[in-house]
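Architecture and fold: a report
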Amino acid sequence: MLTLDLTNAPRWHDLAPGVRVQLRPLTTALMVATRADPEVEAVPDEATDETRAMAFAKALARRAVLDWEGIGDADGVPIDPSPEAIDALLDIWPIFEAFQLTYVSKGLLLEQEKNASAPLPSGNSAGARATATPANPARAAKDRARTAPRG
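The structure reproduced in this document is the subject of the present report. These numbers come from a predicted model, not from an experiment. (Residues numbered from 1 in each chain as written. Predicted model: local features only at pLDDT ≥ 70, side-chain atom pairs only at ≥ 80, totals over all residues. Heavy atoms only, no water.)

**Overview of the pairing of strand 2 (residues 19–23)**
- When you tally the buried positions in strand 2, you get four out of five residues, the bulk of the element.
- By the bridge criterion, five bridges tie strand 1 (residues 11–16) to strand 2 in an arrangement that is antiparallel. Each residue of the ladder has a partner; that of arginine 11, found in strand 2, is leucine 23.
- Connecting strand 1 to the next strand, strand 2, in antiparallel fashion are two residues, including glycine 18 with a positive phi near 80°.
- Inspection of the sheet shows strand 2 paired to strand 3 (residues 65–69) by four bridges, in the antiparallel sense. (Buried < 20%, exposed > 50% of the residue type's maximum accessible area, 1.4 Å probe, protein only. Helix = DSSP H or I, 4+ residues; strand = E, 2+ residues; numbered from the N terminus. Pairing = 2+ DSSP bridges.)

Printed below as a string of structure tokens:
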């Protein structure tokens, strides 16, 4: 079942021990705006998938990050989110991965759900319905099935 969050409120996401960010909900409008971001559109056609993913993630984060905790400058002084600071944060591999897993992939899970198999009648997929009609035992085959000659 698809559950809708009708509050559309920002949420806090933990990206690393002591580091968390407050993010806007991952909406269609946010994704469309990110796809149209000039830096995303400027990625050359021959760019690798990794380059595209990084450009998209940074553009998305610049739109989504509202606040954060546990992030400071080189002297350890807490700083506010800015486009440059958000880009620098995502340049840290474990943070990038956590952002992808906790935020971006949540939106992609719905895409995967529509590609799933129908539930099975037993086990964790109860609810599937049969699509084939049951065989009629009173209607036996008239001729035996042909088989390859034995030799």
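**Some details on the sheet that holds strand 2**
- Ordered in space as 1-2-3, the three strands form an open sheet in which the pairing is antiparallel. Two strands bound the open sheet, and with one partner strand each, they are strand 1 and strand 3. The sheet shows a mean angle of 25° between the axes of neighbouring strands, taken without regard to direction.
- Contacting strand 2 and strand 3, helix 3 (residues 49–64) runs over the sheet at an angle of about 85° to strand 3. (Axes fitted to C-alpha atoms, helices over the stretch in contact; angles between N-to-C directions. Contact = heavy atoms within 4.5 Å.)

**Structural notes on the environment of tryptophan 68**
- Looking at the secondary structure, you find tryptophan 68 in strand 3.
- Dropping the residues within four chain positions of it, tryptophan 68 is found in contact with Trp12, Arg20, Val21, Ile79, Asp80, Pro81, Ala85, Ile86 and Leu89.
- At 2.7 Å, the side chain of tryptophan 68 forms a polar contact with the backbone oxygen of isoleucine 79. (Polar contact = N/O pair within 3.5 Å; in protein donor to acceptor, adjacent residues only side chain to side chain.)

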